[in-house]
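The lines below spell out each chain.
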Amino acid sequence: AYPLHPSYQGSVSRTDAWAFDPLINSIYQVNCVNNSFAGSYDRGHQIASADRLATREMNEQTFYMSNMTPQMSRLNQDMWAKLEIKVRSHTCTDTLFVVTGAYFDASGTATTTDGSGTRIPIPTHYFKVLMRTVTGSSGKAIVNCAESEIKTIGFWVEHRSYGNVEPPRSICMSVAQIEAKTGMKFFPLVSQAVKNQNNPSQWGL
């Protein structure tokens, strides 16, 4: 879960500073510091490198192993990358709130290995849920907004190649639907009506 706001943008270049997260014991992290996952899988960021360009330290933190999953190259570099750009285009001064995650359904038995040869399960799906004010410049905290002043949407992405295409409307869902799929609760201080929204055109899709 992370905020997107103009204060996180800047002119820092991508650092590729692959490293273990210092706040988590390395035995609980994948080891892709020197090598990626085996096969056709990238070190897939959950929060994108391009979401943190204000300082070198910020960008380096996006390369922690705690931020990586084995993501199919032809998803990571194609439609998923375009989805990240689309999400980032909705950054606003009121703050865009994002939750990104990997999901493993009951059919998920595929594995790969990390750089040290440890076997790693491969997610079956990825998701994003977004929330911000409609105007993006209200100057109000979300808790002080009326339902009509807030917009939300979710994206449910199968772990496969969609081709090098713009994010399709078929991946759009309400936040409530993704809560039901994952068993997680997002944005607990907003109403169910807000989380039931699914209006792709509001988000440029």
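Now for a look at the structure at hand. Nothing here was measured: the structure is a model prediction, and the numbers come from that model. (Residues numbered from 1 in each chain as written. Predicted model: local features only at pLDDT ≥ 70, side-chain atom pairs only at ≥ 80, totals over all residues. Heavy atoms only, no water.)

### Some points on the pattern of salt bridges
Tallied over the full model, the rule gives 7 salt bridges. Glu60 serves as the salt-bridge partner of Arg56, at 2.8 Å between the closest nitrogen and oxygen. Residue Arg56 and its partner Glu60 are located together in helix α1 (residues 56–61), separated by 4 residues, close to a single helical turn. Look at Glu60 and you get partly exposed, because its relative accessible area is 26%. For Glu149, the salt bridge identified is with Lys140, shortest N-O distance 2.9 Å. Judged by relative accessible area, which is 26%, Glu149 ranks as partly exposed. A relative accessible area of 31% means that Lys140 is categorised as partly exposed. (Salt bridge = Lys/Arg side-chain N within 4 Å of Asp/Glu carboxyl O. Helix = DSSP H or I, 4+ residues; strand = E, 2+ residues; numbered from the N terminus. Buried < 20%, exposed > 50% of the residue type's maximum accessible area, 1.4 Å probe, protein only.)

### Considering the layout of surface pockets
Estimates place the volume of the largest pocket at around 260 Å³. Arg14, His45, Ser49, Asn76 and Glu84 are, among the 16 residues lining the largest pocket, the residues nearest its centre. Tallying contributions element by element places helix α2 (residues 73–88) first for the lining of the largest pocket, with 6 residues. A class-by-class count of the residues in the lining of the largest pocket yields 6 nonpolar, 5 polar and 5 charged. (1 Å grid on protein atoms, 1.4 Å probe; cavity = no way out; pocket = protein on both sides within 12 Å on 5 of 7 lines; lining within 4 Å. Points joined across faces, edges and corners; volume = space filled by probe spheres on them. Nonpolar A, V, L, I, M, F, W, Y, C, P; charged D, E, K, R; others polar.)

### Quick notes on the pairing of strand β8 (residues 150–158)
Burial within β8 is extensive, with 8 of its 9 residues counted as buried. Note that strand β7 (residues 125–133) and β8 share 9 bridges and pair antiparallel. Paired with Leu130 across the two strands is Ile153, which belongs to β8. (Pairing = 2+ DSSP bridges.)

### Describing the sheet that holds strand β1 (residues 2–4)
Spatially, β1-β4-β7-β8-β9 is the arrangement adopted by the 5 strands of the open sheet, whose pairing is antiparallel. Lying at the two open borders of the sheet, with one neighbouring strand each, are β1 and β9 (172–173). Inspection of the sheet shows strand β4 (residues 96–103) paired to β7 by 7 bridges, in the antiparallel sense. When the bridges of β7 are listed, Tyr103 appears paired with His125. Running at roughly 10 degrees to β7, α2 makes contact with β1, β4, β7 and β8 of the sheet. Set on the sheet, helix α3 (residues 175–182) makes contact with β4, β7, β8 and β9; between it and β8 the angle comes to about 45 degrees. (Contact = heavy atoms within 4.5 Å. Axes fitted to C-alpha atoms, helices over the stretch in contact; angles between N-to-C directions.)

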